[in-house]
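Below, each chain spelled out in residue letters.
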Amino acid sequence: MDRSRIEKISKALADGTRLKIFEAISASKCMTCGEIVLMRGVTPATVSHHLKILSEAGLIACRREGQFIYSQVVPETMDAYTRALTKISSGKKTSRRKFLSRVLKSASTLVCSQFLPSVVRASLFSQSTVPKAFPNNSARPQLALTLDDPRLSLGLTMKWPEANNRILKAISEKDIRAALFVCGMRVDEADGTKLLSAWDQVGHLICSHSYSHKFYGEQTSYADFAADFLKNEKVIAPYRNRTALFRYPFLKEGDTADKRDRFRALLKERGYRVGHVTIDASDWYVSQRFVDRLAKQPNAPIAPYRDYLIAHLLDRAAFYRQLALDVLGRDIPHTLLLHFNPLNAFVLPEVLKAFETAGWQWIDASLAFEDPIFRSRPQTLPAGESLVWALAKETRRFEDRLRYPGEDDVYEKPKMDALGL
């Protein structure tokens, strides 16, 4: 492969949207223009433009079948591209540096490094420029958005289509992919399919949160909890972005070692991992108070509840981040738990912005869950809570900072009462 071809490929991959389209096609093996439009939320004209550039660079091949045009990756091009860069990296230093300076003007180090084998990355880029997923060396702590309990019934405050559209719009404006943890009983009808499809089509992870939201404590046996978990598989199975992550209802993982370990074994057998929360909070309770107020005063202002929610979330984020640093000695990508509720539907844009203002960086949930910390299996009893809480509890060194449960309405009620909320 000659150098002009290498530069052309680098330029093709340098655009952020184009790179994501290329990644989507690679992951799906074959996609139509319409599928890309639905997944990325861009116009057909924009997708066609990017596909043309990728095709001219030889990165994808397009074929027509009837009224549809299918695009698929050309693996030989990437193989030749990486071989050519490997060859360049082993040549004379002066010529290599001169050529790389041109390549890096066309494509960022981040783009190039995603496709190169490790030996090439090590040769082409210094350790200070190669992006690393772990540990997080960024000055900004990283945070992924996860939402529990999408539902069709939100009371009289808001209909589900409006809530769904508002929440999805707020997330899309940050160009991130969240993880949606689905409790089957709340969406197990035709409209539920519409709700979940809207998330699936734009690339959010569709994950399990049990079918009936049972509390896995003394009142629920392992057999009942396992059956309820398996029942939910059929609810999330049809979706392309269905991901084998399970989140325990109420973050409770069993009141005995036997129940805890038996269900962990079932998850492993079914290919699941736990969709751990690191930053737990009581947004559900703030929303409940807001909805109750609207029932009494339909014109009640939303701002006081928005401001309380943001302050509460930032406080909990700061607490769990510092706890993680103290327990693990490093920053980790955090996962924030929010719920599909009316208050979040109204104020999610402000919540997302507030975290950025506070110095946090939003990342895709799939990236956060890749960190090895999310494979931890704390040996605590009763099991559960925030993953950071459980890891701290396991050490027995942070008893003065841990309350049980980690988060609940009892902590927020007196504060909201005092504020008249």
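On a predicted model such as this, the values are computed, not experimentally measured, just so you know.

Rules of the game
Residues numbered from 1 in each chain as written. Predicted model: local features only at pLDDT ≥ 70, side-chain atom pairs only at ≥ 80, totals over all residues. Heavy atoms only, no water. Helix = DSSP H or I, 4+ residues; strand = E, 2+ residues; numbered from the N terminus. Buried < 20%, exposed > 50% of the residue type's maximum accessible area, 1.4 Å probe, protein only. Polar contact = N/O pair within 3.5 Å; in protein donor to acceptor, adjacent residues only side chain to side chain. Contact = heavy atoms within 4.5 Å. Expected span 1.5 Å × (residues − 1). pLDDT = per-residue confidence, 0-100. 1 Å grid on protein atoms, 1.4 Å probe; cavity = no way out; pocket = protein on both sides within 12 Å on 5 of 7 lines; lining within 4 Å. Points joined across faces, edges and corners; volume = space filled by probe spheres on them. Nonpolar A, V, L, I, M, F, W, Y, C, P; charged D, E, K, R; others polar. Pairing = 2+ DSSP bridges. Axes fitted to C-alpha atoms, helices over the stretch in contact; angles between N-to-C directions. Parallel < 35°, antiparallel > 145°, perpendicular 65-115°, else oblique. Left-handed = near helix turned anticlockwise from the far one by under 90°. Salt bridge = Lys/Arg side-chain N within 4 Å of Asp/Glu carboxyl O.

*Asks:* Explain the side chain of asparagine 232 here, please?
*Replies:* Its place among the elements puts asparagine 232 in helix 11 (residues 222-236). What makes asparagine 232 buried here is its relative accessible area of 0%. A distance of 2.9 Å separates a polar atom in the side chain of asparagine 232 from the backbone nitrogen of glycine 184. Ignoring any residue separated from it by four or fewer positions in sequence, one finds asparagine 232 in contact with Val182, Cys183, Gly184, Ser208, His209, Ser210 and Tyr211.

*Asks:* Could you clarify how one ought to interpret helix 13 (residues 283-296) in this entry?
*Replies:* Residues that lie three or four places apart on an α-helix share one face, since the helix turns once every 3.6 residues. The end-to-end C-alpha separation of helix 13 is 20 Å, in line with the 20 Å expected for 14 residues at 1.5 Å each. Along helix 13, the residues classified as buried are Asp283, Tyr285, Val286, Ser287, Arg289, Phe290 and Leu294. Packing partners of the buried residues in helix 13 comprise helix 14 (303-328), strand 9 (334-339), helix 15 (342-357) and helix 18 (409-419).

*Asks:* It is not clear to me how the confidence of the model for the protein should be interpreted in this structure. Could you clarify?
*Replies:* Detailed conclusions should not be drawn from predicted coordinates in areas where pLDDT is low. Overall, the predicted model of the protein reaches an average pLDDT of 88, with 86% of residues at or above 70. Within the model, pLDDT remains below 50 along residues 103-135, and this stretch shows 55 contacts once partners closer than five positions in the same chain are excluded.

*Asks:* What is the right way to look at empty space enclosed by the protein in this model?
*Replies:* Summary: where empty space remains is shown by rolling a probe the size of a single water molecule over the atoms. Enumeration over the complete set of coordinates arrives at 3 cavities of 30 Å³ or more. Approximately 50 Å³ is the volume attributed to the largest cavity. Surrounding the largest cavity, Arg247, Tyr248, Leu251, Glu253, Val274, Gly275, His276, Val277 and Glu385 form its lining. A breakdown of the residues in the lining of the largest cavity according to their chemical character gives 4 nonpolar, 2 polar and 3 charged.

*Asks:* Looking at this structure, I do not really get the sheet that holds strand 3 (residues 68-73). What am I missing?
*Replies:* The strands that make up a sheet are held in pairs by hydrogen bonds between backbone atoms, and each pair lies either parallel or antiparallel. Across the sheet, which stays open at both edges, the 3 strands sit in the order 1-3-2 with antiparallel pairing between neighbours. Edge positions in the sheet fall to strand 1 (31-32) and strand 2 (60-65), since each of these pairs with one other strand and no more. For strand 1 and strand 3, the ladder comprises 2 bridges, and the chain directions are antiparallel. In the sheet register, threonine 32 faces strand 3, and the bridge partner there is tyrosine 70.

*Asks:* Mind showing me how you'd approach the packing of helix 14 against helix 15 here?
*Replies:* Between two packed helices, the angle of one axis relative to the other and the distance separating the axes together describe the packing. Packing of helix 14 against helix 15 leaves a shortest axis separation of 10 Å and a crossing angle of 50°. Considering their axes alone, helix 14 and helix 15 lie oblique with respect to each other. Between helix 14 and helix 15 lies a crossing of right-handed hand. Contacts between helix 14 and helix 15 involve Tyr305, Arg306, Leu309, Ile310, Leu313, Leu314 and Ala317 from the former and Leu343, Asn344, Val347, Glu350, Val351, Ala354 and Phe355 from the latter. The residue inventory of the contact of helix 14 with helix 15, partitioned by class, reads 11 nonpolar, 1 polar and 2 charged.

*Asks:* So what exactly am I meant to see when it comes to the environment of aspartate 417 here?
*Replies:* Within the fold, aspartate 417 resides in helix 18. For aspartate 417, a relative accessible area of 38% corresponds to the partly exposed category. Of note is the side chain of aspartate 417, whose polar atom sits 2.8 Å from the side chain of arginine 289.

*Asks:* So what exactly am I meant to see when it comes to the layout of surface pockets here?
*Replies:* Put simply, the second largest pocket is a space of about 670 Å³. Along its surface, the second largest pocket is lined by 30 residues, and Asp149, His213, Phe250, Trp284 and His339 are the ones closest to its centre. Secondary-structure elements contributing two or more residues to the lining of the second largest pocket are helix 13 and strand 9. Take the lining of the second largest pocket: its biggest share by element is 4 residues, from helix 13. Class assignment of the residues belonging to the lining of the second largest pocket gives a composition of 12 nonpolar, 9 polar and 9 charged.

*Asks:* What exactly am I supposed to notice about the pattern of salt bridges here?
*Replies:* Pairing is possible between side chains that carry opposite charge, provided their charged atoms lie close to one another. For the coordinates displayed, the defined rule picks out 25 salt bridges. For aspartate 175, the salt bridge is made with lysine 20, and the minimal N-O distance between the two is 2.3 Å. Here lysine 20 lies in helix 2 (residues 16-28) and aspartate 175 lies in the loop between helix 9 (160-172) and strand 5 (179-182), a separation of 155 residues in the sequence. For lysine 20, a relative accessible area of 27% corresponds to the partly exposed category. Across the salt bridge formed by arginine 401 and aspartate 326, the nearest N and O atoms sit 2.9 Å from each other. With a gap of 75 residues between them, arginine 401 in the loop between helix 17 (387-395) and helix 18 and aspartate 326 in helix 14 connect regions that are remote in the sequence. Among the residues examined, arginine 401 registers a relative accessible area of 29% and is labelled partly exposed. A relative accessible area of 32% places aspartate 326 in the partly exposed class. Taken together, the shared-partner salt bridges connect Asp315, Arg316, Arg403 and Glu407 into one network.

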